[in-house]
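# Topology and contacts: notes
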Amino acid sequence: MMGTYVSMLNWSGEPQPAPSDVRIAVKRRADQLHTRGMHSLAFLPDEGACAAVMVCSAPDDDSVAELAYSILPHAILRIETMRFDDDSSGESHGLGEVVFPPPPRDYLGEPLDRIVAA
């Protein structure tokens with residue numbers, strides 16, 4: 001089952017990638033990235049850093065990471081991912097017996113709508 005994921009991406013390395021490097025890489029692979037599930041990539045206004053928010057559809061966290069790493073394969077990437085939509089599988093991910101109720105469906109609606117629209 002495909003889920004919607006929101007990821008914070010932060011590229012580094014030698015030389016330090018610039019947002020323009022990532023934009024060029026995304027433009028070159030736009031069709032492939034879209035086919036693999038990428039919906040949007042919005043850069044954060046972080047002076048001196050190369051950081052962005054990615055929204056994508058994927059079957060699991062590993063697929064999200066593979067997609068993110070494929071954008072700029074030669075760079076070092078730190079990625080923090082969370083599943084945005086409700087997980088209907090009923091699984092608890094590494095939490096043992098603790099099960100938290102899902103957040104309200106629209107709790108991040110407006111911020112994510114702005115990111116996707118960017």
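Anyway, here's the lowdown on the structure attached to this text. (Residues numbered from 1 in each chain as written. Predicted model: local features only at pLDDT ≥ 70, side-chain atom pairs only at ≥ 80, totals over all residues. Heavy atoms only, no water.)

## As for the overall build of the protein
On a plain count of helices and strands, the protein comes out with four helices and four strands. When the helices and strands of the protein are placed in sequence order, the string is β-α-α-β-β-α-β-α. The burial tally for the protein puts 32% of its 118 residues in the buried class. Pairs at least 24 residues apart make up 70% of the contacts formed inside the protein by residues separated by at least 6 positions. By element, 55% of the accessible surface of the protein is carried by carbon and sulfur atoms, the whole surface being about 7,700 Å². (Helix = DSSP H or I, 4+ residues; strand = E, 2+ residues; numbered from the N terminus. Buried < 20%, exposed > 50% of the residue type's maximum accessible area, 1.4 Å probe, protein only. Contact = heavy atoms within 4.5 Å. Areas by Shrake-Rupley, 256 points an atom, 1.4 Å probe, with all protein chains shown as cover.)

## Some points on a negative patch on the surface
On the surface, D60, D61, D62 and E66 cluster together into a negatively charged patch. By the secondary structure assignment, D61 is in helix α3 (residues 61-71). The partly exposed category is assigned to D61, whose relative accessible area is 45%. (Patch = residues over 30% accessible without salt bridge, like charges linked within 9 Å, V, L, I, M, F, W, Y side chains within 5 Å. Salt bridge = Lys/Arg side-chain N within 4 Å of Asp/Glu carboxyl O. Lys, Arg positive; Asp, Glu negative; His and termini not counted. Charge placed at Lys NZ, Arg CZ, Asp CG, Glu CD.)

## Considering helix α1 (residues 19-28)
Since the α-helix turns once every 3.6 residues, residues separated by three or four places project in the same direction. Of the residues making up α1, those classed as buried are V22, A25 and V26. End-on, the buried residues of α1 take up no more than an arc of 100°, which puts them together on one face. In α1, those exposed residues whose orientation departs by more than 90 degrees from the buried face are K27 and R28. (Arc of directions from axis to C-beta.)

## Considering the side chain of S70
In this fold, S70 is placed in helix α3. Among the residues examined, S70 registers a relative accessible area of 16% and is labelled buried. Among the polar contacts listed, one links the side chain of S70 to the side chain of R36, at a separation of 3.2 Å. Setting aside anything within four residues of it in sequence, one finds S70 in contact with R29, L33 and R36. (Polar contact = N/O pair within 3.5 Å; in protein donor to acceptor, adjacent residues only side chain to side chain.)

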